[in-house]
Amino acid sequence: MPSRDEIFEKVRSALVDALGVDEDDVTPAATMVGDLGAESIDFLDIVFRLEKAFGIKIPRGELFPEDVLSSAEFVSNGKVNAAGLAALKARMPFFDLKNFEQNPSVQNFPNMLTVEDMVRYVQSKLAA
Amino acid sequence: MRWFWIDRFDEFVRGRHAVAVKNVSLAEEHMHDHFPGAALMPNSLVVEGMAQTAGLLVADAIDYNRRVVLAKVAAAEFHFDAVPGDTLRFRAEILDLKPGGSFTRVSSTVEDRLQGEAELFFAHLEPGEGVPKLFEPEELLRWLDQMHIYDVGRDQAGNPLPRPDW
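As a starting point, this report considers the structure included with it. (Residues numbered from 1 in each chain as written. Chains lettered and ligands numbered in written order. Predicted model: local features only at pLDDT ≥ 70, side-chain atom pairs only at ≥ 80, totals over all residues. Heavy atoms only, no water.)

### Focus: the nonpolar core
Counting 42 residues, the largest nonpolar core has Phe9(B), Met41(B), Leu56(B), Tyr64(B), Leu88(B), Leu120(B) and Ile149(B) as its most contacted members. Elements with a minimum of two residues in this core: β1 (8-13), β2 (17-23), α1 (43-61), β4 (87-98), β5 (101-110), β6 (113-125), α2 (137-146) and α3 (149-152) of chain B. At 10 residues, α1(B) tops the list of elements feeding residues into this core. The residues contacting Ile149(B), other than those within four sequence positions of it, are Phe9(B), Phe12(B), Leu56(B), Tyr64(B), Leu144(B) and Leu161(B). The next biggest cluster of nonpolar side chains, apart from the first, holds 41 residues, and it includes Ile56(A), Phe74(A), Phe109(A) and Met118(A). (Core = buried A, V, L, I, M, F, W, Y, C linked by side-chain atoms within 4.5 Å. Buried < 20%, exposed > 50% of the residue type's maximum accessible area, 1.4 Å probe, protein only. Helix = DSSP H or I, 4+ residues; strand = E, 2+ residues; numbered from the N terminus. Contact = heavy atoms within 4.5 Å.)

What follows is the structure in structure tokens.
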């Protein structure tokens, strides 16, 4: 199992290639959408690169739960409801939902996901 | 003017690689103003030819079951401009193919000179994912015939590709 720093370096390299950003911009605290400018299609690209770099399989919706965020069952008035938050927790155990829970607006979600979340996600896949 | 940026395929190996040619001509309308007296093919249209080469290779590999859309030009580099009289030869190979998308690499050469290289990323969309139907089956088949895919196409064992009966 590679160390956390080794995983971070590979994640950084995947994000530099996928998003065309400078290496220095890819810090653990940088948000994927707000700071690094990732768009929805970039997440598909990032999935390809992470799968290749780490030899893992990333099922659709696991890294970016677009199905939960667009579901009438889990979203009420533009906010993720209690059932939705539970679904996100189950789907994304690597993701710290604390900040998002304070204002669980769907629009806020993309801005919550950080580079460190990507690293934790890969760690969880490699450990599985 | 129709949006055809390749003239025909010379090689087509299902799921693996394809070679298509594009003859650059002064008769093409966009050349007249780009630029007067010094016509050249914009590299954005070279990318389109690359994408048509790689996109058809990918679409064939997934039996035309999804809408193959150029989602991202992951990298592109050009070394000189293509001008009227040049024959561009696009060689596309599939680097990675999954249900939801594919990664391809395409080069463009004029004779033995490397004109450009690109990495193209395609999304494979299902109906309802925001992209209208791209082709009627007979219209698509007419294009594939025009591209000579079923004349030169082979599967990976070297057998001719059967022409679909859409």
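### Overview of the interface of chain A and chain B
Across the contact, 10 residues belong to chain A and 13 residues belong to chain B. Here chain A and chain B share an interface that buries about 990 Å² over both sides, 58% of which is from carbon and sulfur atoms. In this structure, the connection of chain A to chain B is made through three salt bridges. The residue Lys72(B) makes a salt bridge to Asp45(A) at a minimum N-O spacing of 2.6 Å. No other element matches the seven residues that helix α2 (residues 40-54) of chain A contributes to the side of chain A that touches chain B. A breakdown of the residues in the side of chain A that touches chain B according to their chemical character gives four nonpolar, no polar and six charged. (Buried area = accessible area lost by both parts, 1.4 Å probe. Salt bridge = Lys/Arg side-chain N within 4 Å of Asp/Glu carboxyl O. Nonpolar A, V, L, I, M, F, W, Y, C, P; charged D, E, K, R; others polar.)

### Some points on the pattern of salt bridges
All chains considered together, the criterion is met by 22 salt bridges over all chains. When the shortest N-O distance is used, the salt bridge between Asp10(B) and Arg8(B) registers 2.7 Å. Through salt bridges with shared partners, a single ionic network connects Asp42(A), Asp45(A), Arg49(A) and Lys72(B).

### A look at α1(B)
For an α-helix, the turn length of 3.6 residues means that residues three or four places apart are oriented alike. All names here are of chain B. Helix length check: α1 (19 residues) gives 27 Å between terminal C-alpha atoms against 27 Å at 1.5 Å per residue, within 8%. With 15 of 19 residues buried, α1 lies mostly within the body of the structure. Downstream of α1 by one or two residues, aspartate 63 has phi in the positive range, about 60 degrees. (Expected span 1.5 Å × (residues − 1).)

### A word on the side chain of Thr31(A)
All names here are of chain A. Note on placement: threonine 31 falls in the loop between α1 (4-19) and α2. Looking at threonine 31, the relative accessible area reads 14%, which means it is buried. Non-local contacts of threonine 31, meaning those with residues more than four positions away in its chain, are made with Leu36, Asn111, Leu113 and Thr114.

### Focus on the sheet that holds β1(B)
All names here are of chain B. The seven strands are arranged β3-β6-β5-β4-β2-β1-β7 in an open sheet whose pairing can be described as mixed. Strands with a single pairing partner mark the edges of an open sheet, and in this sheet they are β3 (67-78) and β7 (153-154). Pairing of β1 with β7, which is carried by two bridges, proceeds in the parallel orientation. Counterpart to phenylalanine 12 in the pairing with β7 is glycine 153. Across the sheet, α1 is in contact with β1, β2, β3, β4, β5 and β6; its angle to β4 comes to roughly 45 degrees. (Pairing = 2+ DSSP bridges. Axes fitted to C-alpha atoms, helices over the stretch in contact; angles between N-to-C directions.)

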